[in-house]
Amino acid sequence: MISLIFDMDGTLINSANAIVSAVNEIRKDLGFEPLDANYILHIINTPGKDWAKELYNISDFKHSSFKNGFEKYFIKHYQQSVILYDGLRDFLKQAKDKNAFLAIATNAPQESLDNILKKHDIIHLFDEIIGVSDEIEPKPNPAMLNLIKKKSMYADVVFIGDSKKDEEAAKNAKMPYLSARWGKSIEKDYEFNDIASLKKCLNSLFNLEF
């Protein structure tokens, strides 16, 4: 069988509204005007962007600053508006029944992940869950992907994400990549926009039958 490593935001869960709302609430409390949603998501998902500087005018940002100051904003909005993409829970259960190794590699803080995944009743389906911490660099650094690959029992592994950071992380970790484009048109053979096309990509990549 195979190892399936998933990004979280934009791949497993539709959290765009939650992220934008949290960022703009933080900006409001810092005395700044709100930013356009597309700009916020672009800054967060693009490699090389100093998102703390761009979004909050904060230099030399530390992970502990998020935990101690900003995490509460995201927790609130994630509880209010985040949803799981259609058919994904059933797909994860099916993959688990086929003995796939399931993992998450996300730039969300490690300490915030349990509550998010428990809410959507999928945490028990994953063998490994890694987020950003003081010890783990965010994507596109391949550190979390390499850690998961070492813990997997299968040689065949793929990273499934939705952003340029995810794609570069997979390249840096020297593993195949599939790109989530939920509800959008597909332009490349490694993209999918629903569960049926995700299965098609996996079947083609690994000669499997999902």
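Each value, and the rule that gives it
- Residues numbered from 1 in each chain as written.
- Predicted model: local features only at pLDDT ≥ 70, side-chain atom pairs only at ≥ 80, totals over all residues.
- Heavy atoms only, no water.
- Pairing = 2+ DSSP bridges.
- Helix = DSSP H or I, 4+ residues; strand = E, 2+ residues; numbered from the N terminus.
- Contact = heavy atoms within 4.5 Å.
- Axes fitted to C-alpha atoms, helices over the stretch in contact; angles between N-to-C directions.
- Parallel < 35°, antiparallel > 145°, perpendicular 65-115°, else oblique.
- Left-handed = near helix turned anticlockwise from the far one by under 90°.
- Nonpolar A, V, L, I, M, F, W, Y, C, P; charged D, E, K, R; others polar.
- Buried < 20%, exposed > 50% of the residue type's maximum accessible area, 1.4 Å probe, protein only.
- Core = buried A, V, L, I, M, F, W, Y, C linked by side-chain atoms within 4.5 Å.
- Salt bridge = Lys/Arg side-chain N within 4 Å of Asp/Glu carboxyl O.

(A) View of the sheet that holds strand S4 (residues 101-109). If you trace the six strands from one edge of the open sheet to the other, you get S5-S4-S1-S6-S7-S8, paired in parallel fashion. Each of the sheet's edge strands pairs with one partner strand only, and the pair in question is strand S5 (128-132) and strand S8 (191-192). Sitting on the sheet, helix H9 (residues 195-206) touches strand S1 (3-6), strand S6 (157-161), strand S7 (177-180) and S8, and the angle it makes with S6 is about 155°.

(B) Here's a closer look at the packing of helix H5 (residues 88-97) against H9. At their nearest, the axes of H5 and H9 sit 10 Å apart, and the two run at 30° to each other. Looking at the two axes, H5 sits roughly parallel to H9. In the crossing of H5 with H9, the sense of the turn from one axis to the other is right-handed. Counting all contacts with H5, which are made through Leu88, Phe91 and Gln94, the residues of H9 involved are Ile195, Leu198, Lys199 and Leu202. Of the residues belonging to the contact of H5 with H9, the class tally is five nonpolar, one polar and one charged.

(C) Layout of the packing of helix H1 (residues 16-30) against helix H2 (residues 37-45). In contact at an axis separation of 10 Å, H1 and H2 are set at 95° when each is read in the N-to-C sense. Classified by the angle between their axes, H1 and H2 sit roughly perpendicular to one another. Across the interface between the two elements, Ala16, Ile19, Val20, Val23 and Asn24 of H1 pack against Ala37, Ile40, Leu41 and Ile44 of H2. Taken together, the residues of the contact of H1 with H2 sort by class into eight nonpolar, one polar and no charged.

(D) Region of interest: the side chain of histidine 77. Counting through the fold element by element, histidine 77 comes out in helix H4 (residues 63-81). Given the relative accessible area of 11%, histidine 77 is considered buried. If near-sequence neighbours (up to four positions away) are discounted, histidine 77 is found in contact with Ala18, Ser21, Ala22, Glu25 and Val82.

(E) The nonpolar core, seen in detail. Ranked by internal contacts, the top residues of the largest apolar core, which has 50 residues, are Leu4, Phe91 and Leu202. Discounting residues that sit within four places of it in the chain, leucine 202 has contacts with Ile2, Leu4, Phe91, Val158, Leu178, Asn207, Leu208 and Phe210. Counting 17 residues, the second-largest nonpolar core is a separate cluster that includes Ala103, Met144, Ala170 and Met175.

(F) Spotlight on the pattern of salt bridges. For the structure shown, the criterion picks out six salt bridges. One salt bridge connects lysine 139 with aspartate 7, and the closest N-O pair in it is separated by 2.9 Å. Of this pair, lysine 139 sits in the loop between S5 and helix H7 (143-151) while aspartate 7 sits in the loop between S1 and strand S2 (13-14), and the two are 132 residues apart along the sequence. For arginine 181, the salt bridge identified is with glutamate 191, shortest N-O distance 3.7 Å. Within this pair, whereas arginine 181 is found in the loop between S7 and S8, its partner glutamate 191 is found in strand S8, the two being separated by ten residues in sequence. Given a relative accessible area of 7%, glutamate 191 falls into the buried group.

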